[in-house]
Amino acid sequence: MKALVQGLRIYDPRDAAQSFSDPSTWTFSNNRALVVLNYLMASFGFNAGEDEIDLQSFADAADMCDVEMTIPAVLVNTAPGPAERVWDARYGEFVDVAFGETYPGYRSDQVGTSQARWVADAEIDPKAGVIKNLQTLLEGFGWSMPWSNGRHKLVLEDVVDTPVMTLGPDDIIGGWAI
């Protein structure tokens, strides 16, 4: 059985029409930063209050998640003639892909050639625990979530700050070898 699930309504600190304390103002989104924020806020998550969250760090991260990225078009068999025999990993068998058909397992639900940079279409398991579920939401993205100045903060590791110093060969003490 398959189901298309829209998920939860979640809070977006960038939207002035939404209120942290009023879920009726929230909207559906799969923006990864906002999903992490709402897991922090949720009673089934960390249950953190507004004063325990650096909302600006989540808003900044949400903006980065929404950046549109170009993705390759869906892969279609463009070779006229007999069907091509290929492995379908979903079903564990070889299948024939005729001219003009989409190859199996190759983003068959893709629409268009762009998508938001980071989305969270993920399942979390309440039995796995809050920390494990947060790791699931954060993994693979170079993100961290430190506790800083009494608040949870979302840090994107690809955001590079201006260097505070530059080191060169003259700064090395004792020599080095390659």
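Keep in mind it's a predicted model, so treat the numbers as computed, not measured.

Here is what the cut-offs are and how they apply
- Residues numbered from 1 in each chain as written.
- Predicted model: local features only at pLDDT ≥ 70, side-chain atom pairs only at ≥ 80, totals over all residues.
- Heavy atoms only, no water.
- Helix = DSSP H or I, 4+ residues; strand = E, 2+ residues; numbered from the N terminus.
- Buried < 20%, exposed > 50% of the residue type's maximum accessible area, 1.4 Å probe, protein only.
- Contact = heavy atoms within 4.5 Å.
- Areas by Shrake-Rupley, 256 points an atom, 1.4 Å probe, with all protein chains shown as cover.
- 1 Å grid on protein atoms, 1.4 Å probe; cavity = no way out; pocket = protein on both sides within 12 Å on 5 of 7 lines; lining within 4 Å.
- Points joined across faces, edges and corners; volume = space filled by probe spheres on them.
- Core = buried A, V, L, I, M, F, W, Y, C linked by side-chain atoms within 4.5 Å.
- Phe/Tyr/Trp six-rings, centres within 6.5 Å; stacked < 30°, edge-to-face > 60°.
- Lys NZ or Arg CZ within 6 Å of the ring centre and 35° of its normal.
- Polar contact = N/O pair within 3.5 Å; in protein donor to acceptor, adjacent residues only side chain to side chain.

Novice: Hey, could you run me through the overall build of the protein in this one?
Specialist: Scanning the protein from N- to C-terminus turns up 3 helices and 10 strands. Starting at the N terminus and walking to the C terminus, you meet the elements of the protein as β-β-α-α-β-β-β-β-α-β-β-β-β. Of all 178 residues assigned to the protein, the portion counted as buried reaches 26%. A separation of at least 24 residues holds for 56% of the contacts in the protein among residues at least 6 apart in sequence. When the accessible surface of the protein is summed, it comes to about 12300 Å², and 55% of that surface belongs to carbon and sulfur atoms.

Novice: I keep staring at the environment of Arg32 and nothing clicks. Help me out?
Specialist: Counting through the fold element by element, Arg32 comes out in helix H1 (residues 32–41). Look at Arg32 and you get buried, because its relative accessible area is 9%. On a C-alpha basis, the gap between Arg32 and Leu138 in space is 8.4 Å, while along the polypeptide they are 106 residues apart. When neighbours within four sequence positions are excluded, Arg32 is seen to be in contact with Cys65, Trp118, Val119, Ala120, Thr136, Leu137, Leu138, Phe141 and Trp143.

Novice: Is there a simple way to think about the layout of surface pockets in this case?
Specialist: Gaps between atoms show up when a probe of the same size as a water molecule is rolled over them. Roughly 830 Å³ of volume is contained in the largest pocket. Along the wall of the largest pocket there are 23 residues; nearest its centre are Gln6, Gly7, Leu8, Ala120 and Ala122. Residue assignment for the lining of the largest pocket shows that the elements contributing at least two residues are strand S1 (9–10) and H1. At 4 residues, the largest contribution of residues to the lining of the largest pocket is made by H1.

Novice: Explanation requested: the nonpolar core in the structure shown.
Specialist: If you look at soluble globular proteins, the nonpolar side chains tend to sit buried side by side. In terms of nonpolar packing, the biggest core is built from 28 residues, with Val36, Leu37, Ile53, Phe58, Trp143, Met145 and Leu154 touching the most fellow members. Put simply, the parts of the chain that give this core at least two residues each are H1, helix H2 (55–65) and helix H3 (130–138). Sort the elements by how many residues they give to this core and H1 lands first, with 8 residues.

Novice: I keep staring at the packing of aromatic side chains and nothing clicks. Help me out?
Specialist: Two numbers describe a pair of aromatic rings. These are the distance of the centres and the angle of the planes. Summed over the entire model, instances satisfying the criterion amount to 5 aromatic pairs. Through successive ring pairs, a cluster of aromatic residues spans Tyr11, Phe20 and Trp26. A cation over a ring is seen here: Arg117 above Trp118, with NZ or CZ 4.2 Å from the ring centre.

Novice: Please explain the environment of Asp22 as it appears in this structure.
Specialist: Tracing the backbone shows Asp22 in the loop between S1 and strand S2 (27–28). Asp22 sits 11 residues away from Tyr11 along the chain, and the two C-alpha atoms are 8.9 Å apart. Among the polar contacts made by the side chain of Asp22, one reaches the side chain of Ser24 at a distance of 2.6 Å.

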